[in-house]
Protein chains: 2
Amino acid sequence: MRSFAFCNPVHIVFGKGKIAELDRLIPEDAFVLVLMGGGSVKKNGVYDQVVQALKSRKREDFWGIEANPDYDTCMRAVERIRSEKMNFVLAVGGGSVVDAAKFIVAAACYEDGDPWDIVTGKGRIKAALSFGAVLTLAATGSEMNAGSVISRRSIGAKLPFSSDKVFPKFSILDPETTYSLPAHISACGVVDAYVHVLEQYLSHDLPAPLQDRQAEAILLTLLEEGPKVLESPEDYHVRANIMWCATQALNGLIGCGVLQDWATHMIGHELTAAFGIAHAESLAVVLPALLRERREKKEAKLVQYGRRVLGVGEAEDVAEAAVAATEVFFRKMGLGTRLSDYGIPAEATFMLGDILDNRGFRLGEDRAVNGVMIQKILGRAAEPWN
Amino acid sequence: MRSFAFCNPVHIVFGKGKIAELDRLIPEDAFVLVLMGGGSVKKNGVYDQVVQALKSRKREDFWGIEANPDYDTCMRAVERIRSEKMNFVLAVGGGSVVDAAKFIVAAACYEDGDPWDIVTGKGRIKAALSFGAVLTLAATGSEMNAGSVISRRSIGAKLPFSSDKVFPKFSILDPETTYSLPAHISACGVVDAYVHVLEQYLSHDLPAPLQDRQAEAILLTLLEEGPKVLESPEDYHVRANIMWCATQALNGLIGCGVLQDWATHMIGHELTAAFGIAHAESLAVVLPALLRERREKKEAKLVQYGRRVLGVGEAEDVAEAAVAATEVFFRKMGLGTRLSDYGIPAEATFMLGDILDNRGFRLGEDRAVNGVMIQKILGRAAEPWN
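Residues numbered from 1 in each chain as written. Chains lettered and ligands numbered in written order. Predicted model: local features only at pLDDT ≥ 70, side-chain atom pairs only at ≥ 80, totals over all residues.

A. Quick look at the overall build of chain A. For chain A, the count of helices and strands is 15 helices and eight strands. In summary, chain A has a C-alpha radius of gyration of 20 Å against a globular reference of 21 Å for 386 residues, a match within 12%. Oriented by its inertia axes, the alpha-carbon framework of chain A measures out at about 65 × 45 × 45 Å. Expressed as a percentage of its 386 residues, the buried residues of chain A come to 56%. Expressed as a percentage of contacts within chain A between residues at least 6 apart in sequence, the contacts between residues at least 24 apart total 76%. (Helix = DSSP H or I, 4+ residues; strand = E, 2+ residues; numbered from the N terminus. Rg over C-alpha atoms; globule rule 2.2 N^0.38 Å. Buried ≥ 20, exposed ≤ 12 C-beta atoms within 10 Å, placed from the backbone. Contact = placed C-beta atoms within 7 Å.)

This is the structure we're talking about:
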C-alpha cells in the first residue's frame, strides 16, 4: 500500500423523505441560490419538496444548468450571487448540477482575476461559499467528493478541478428522487459509477488487498443491481443500492493508497467535448479499447477482476474475457461501446491523439498513455462491434 | 437498505514516517497534553518521533493510560489540562489511549456537574477540546470514530459513550509503529477488528448488498493477513493492510443503513470488567457462543458468511461450519474461545445474566438478548473446546 491522506467530511443524509431535513441542515440566516437543471425536478415533485423545506429561507431559483455544466452558465449564477449577496448554494439535480455548484461557490469568492483560472489550475481556491446538494441521479459521486468538471463550449474545453474547499456540507440522497429517470439516464449512471471504480482498481502496483475488495464490492453490486433498474425502475432497494454504490465509487475511499489511472475519463472528456456524446457513453467506448491496448501492463489485475468479479476465471484467456464481459455489461445496460454506435467515423478522431499529445497529455497510472497510444486506443474503439 | 446519516470528518494520514506531519497538523499556538500508556512508545522510537515533531510546541506528557482506560486516571489528566490551561490533546498509543482522549477532551469542557454523567448518558457533551491521535496498535477503530469505552474500576463499570464532538481532528497511522508489538497483542487487534465487522454484518433485515460486500472485504483481508502478522511482524504491507482493515471496521461505513448487533461487545465488556480478560479475548469467547445460540435468527446471513468469506459453502451445515471456522480462526490467532481457556469456571458467570437483566440489558439487533439468553450464551461458552 502507498502512503495516503484521506478526509471526507461530507454529511450524508440517506433515505426516503429526507429532503424535509433541509430545514435543519441549512443555516437559518441563509440566502440560498437553488441551482437546478431543466424542469425534471418540477415533474417528479422534488422541486416542491425543496420549496416546502426551504419555506422559511430567503431563496432564489437558478434554472438551466446543462449536462456537462458550462462556464458561461455558471458565471451567470455567480453574478446573481454577487449582486444579491447570497451566502449559500443548494444544488438540486445530478452530478452536473453538483459540479456546477462547486465551481460557482469557489468563483463567487475568487478575487484574483479570471475565475476560469480555477479550472485550468492557474488560480488557487482560497475560499468558497457553503453549499449542499439534493441528489436526483446516481452516477458521478460528486455529492461526496471535492472534484468537479467544467466545460467551456466557446473554446471547446472540458476540464476537471478539485479543492477541499468545495466539499458539499451535506448531501441528501433519497432514492425515490431517481424513480422517474429515463432508463438510458439510469443506465448511464450505473456505467459511470462502474468505470469510476475500474479507474482506481485496474491500475496499481503495490498490494492493497482491502482496497481491491472494497472496489470489487461496488463492481459486484452494480453488476447485480444495474440490470434490475431497467426492469424495475421504482424498486426502492435497487435504487438505494445503486445510489450508494455510485457515491462510494468516487468518494476517495477505494483510491486510498493505490495508483489510479483516469486515462479513460480524460480521453472520454475529449470525445464528449468534440462529439457531444454523453459522459458515460464516452467511457463505455474508451474503456474496453484502453484495457485491450494496455493489457500487458494490466494483465494480473484483469485476471483478478475476471475471476473475482465477472466469473470468467475458467476462460482460456481470462484477461480478454474480463474485458469482453465488461463490454457485454455496458451493452446490456443499453450503451454503445464503439464509436460507430454513435455515428462517429474513425477518421473524425484521427487528429485527437495529436492534439492531446501537443497539449502535454501523458495519461494513465504510469503516464505512458501519450498521443500515439491514444490514437491506437481510438483505433480499437473504431472497430465495429461484432 | 434502511435510512441513515453518515459523516466522518477524521483526517487520516497513513504511511511510514508520517509522525513528522504532527508539526503541520497541530496549531502553532497549541499547548499539548501528550497522552500515553506505558513505556512501549519509548522503546520503539515513537515517543522520540513525537517529541521531535512537536519541538516547537508547548507540551506536557501524561503517562499511565491503562488498557481499558479508567475514569480516575482520565480525571487526573483533566485536572492537568484545567490547571495548566492546555488546549490540545494528542493521544499516542492504541485504542485505549484514543478512547481516554475522547473522554478527557469532553470532560475538560464539561461544566454541568459530574463528568461521569458523560459516560452514563445522563450528561450531554456540548463542547470538547480538539485532539489528534498517533496510532500504535491496529484494533479498535477508535482513531476514526466518535465512540469510546471508559471503565471505572472503583465501581466495576465499563461503559461506552459517543458524541460527534469527540471525533479526532486527525489520526496518523504509521504501520511501522506496530512492528514491535507482542504477537498476542497484534492477534487481539485482528480479532477485535474482525468481530467489529461481524457485529454489523451478521445482523440485518433489509437487503444491503454493498454493505455486505464491504464487510466481507474486511473479513477476507483479515483472514488472509491476520495469520501473516504472527509469522512476519515486520512486513510493512501486512501491517499496513491490517491497520487499514481495523480502521475501516469501525468508522461507521459498513454500518450505514443496516441493523447492528453489538450484544457480543456488551457481554464481553462485562466479562472484562468482572474477570479482567482482554477485550478481544472476551469477544473470542462470547461471539461463537452467541452465534450458536442465535443461529435461527441469523441462519441466512451465517450461510452467506460461510459461503462468501470462509469457503465452507459445501459443508452439510453451512451455518454451523461458519461459526466453527470463525472459532478456528480465533484459535489460530492464539486466542482462547472458551471460558475455561482463561480459567473462568462456568459457575463464576452464573449471576451475570441476572445482573445484566436487572440493569435492563436487552441486547442484539432485535433487543431479544435478555438475561436468560445471556445465561445460555455463557453456558455455551463454558463448554470446553474439543
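On we go from here.
B. The arrangement of helix α4 (residues 71-84) of chain A in detail. Residues and elements named next belong to chain A. Here α4 is 14 residues long and its end C-alpha atoms lie 20 Å apart, about the 20 Å a rise of 1.5 Å per residue gives. Taken residue by residue, α4 has Tyr71, Cys74, Ala77, Val78 and Ile81 as its buried positions. For α4, the arc enclosing every buried residue in end-on projection is 120°, short of the 170-degree limit, so these residues lie on one face. Away from its buried face, by an angle of more than 90 degrees, α4 presents the exposed residues Asp72, Arg76, Glu79, Ser83 and Glu84. Tucked into the core, α4 has its buried residues touching β2 (31-36), β3 (58-62), α5 (95-107), α6 (116-120) and β6 (147-152). The positive-phi residue at the C-terminal boundary of α4 is Lys85, with phi of around 55°. (Expected span 1.5 Å × (residues − 1). Arc of directions from axis to C-beta.)

C. Molecular detail of the interface of chain A and chain B. Counting residues at the interface gives 31 residues for chain A and 31 residues for chain B. Contributing elements (two or more residues each) for the side of chain A that touches chain B: β1 (4-14), α8 (209-231) and α9 (236-249) of chain A. Residue composition of the side of chain A that touches chain B, by class: 18 nonpolar, nine polar and four charged. Two strands pair when backbone bridges link them, and β1 of chain A and strand β1 (residues 4-14) of chain B are joined in this way by seven bridges, in the antiparallel orientation. (Nonpolar A, V, L, I, M, F, W, Y, C, P; charged D, E, K, R; others polar. Pairing = 2+ DSSP bridges.)

D. Structural context of the sheet that holds strand β5 (residues 130-135) of chain A. Strand order in the open sheet formed by 12 strands is β3(A)-β2(A)-β4(A)-β5(A)-β8(A)-β1(A)-β1(B)-β8(B)-β5(B)-β4(B)-β2(B)-β3(B), and the pairing between neighbours is mixed. Single-partner strands in this sheet number two, and they are β3 of chain A together with β3 (58-62) of chain B. Taken over all neighbouring pairs, the strand axes of this sheet differ in orientation by 25° on average, direction set aside. Note that strand β4 (residues 88-93) of chain B and strand β5 (residues 130-135) of chain B share six bridges and pair parallel. Within β5 of chain B, the residue paired with Ala91 of chain B across the bridge is Ala133 of chain B. Each of β2, β4 (88-93) and β5 of chain A touches α5 of chain A; the most contacted strand, β4 of chain A, lies at about 165° to it. (Axes fitted to C-alpha atoms, helices over the stretch in contact; angles between N-to-C directions.)

E. Structural detail: unusual backbone geometry. Residues and elements named next belong to chain A. One non-glycine residue, Asn68, lies in the positive phi region at around 55°. The topology assignment puts Asn68 in the loop between β3 and α4. Here Asn68 falls in the buried class, since 20 other C-beta atoms lie within 10 Å of it. Look at Lys85: it is not a glycine, yet its phi comes out positive at around 55°. You can see Lys85 is positioned in the loop between α4 and β4. For Lys85, a count of 7 C-beta atoms within 10 Å translates into the label exposed.

F. Quick peek at the environment of Met333 of chain B. Residues and elements named next belong to chain B. By secondary structure assignment, the location of Met333 is in the loop between α13 (318-332) and α14 (352-358). Residue classification places Met333 among the buried residues on the basis of 23 C-beta atoms within 10 Å. Met333 sits 149 residues away from His184 along the chain, and the two C-alpha atoms are 7.9 Å apart.

G. Seen up close, the domain arrangement of chain A. Residues and elements named next belong to chain A. Under the domain assignment, chain A is made up of domain 1 (11-177) and domain 2 (183-382). The centre of domain 1, based on its C-alpha atoms, is set 26 Å off from the matching centre of domain 2. On the domain 2 side, the residues contacting the 18 residues of domain 1 number 21 residues. For the side of domain 1 that touches domain 2, the elements supplying multiple residues, two or more each, are β6 and β7 (157-162). When its residues are assigned to classes, the side of domain 1 that touches domain 2 shows eight nonpolar, six polar and four charged. (Domains from an automatic or database assignment.)

H. Quick peek at the relation of the copies chain A and chain B. Overlaying chain A with chain B gives an RMSD of 0.0 Å, the required rotation being 180° about an axis along which the chain moves by 0.0 Å. The superposition operator between the copies reduces to a two-fold rotation axis. Among all C-alpha atoms of chain A, that of Pro9 of chain A lies closest to the rotation axis, at 2.0 Å. Taken together, the interface assignments show that 100% of the residues at the interface of chain A recur at the interface of chain B, consistent with an identical surface on both copies. (Least-squares fit on C-alpha atoms with pLDDT ≥ 70 in both.)

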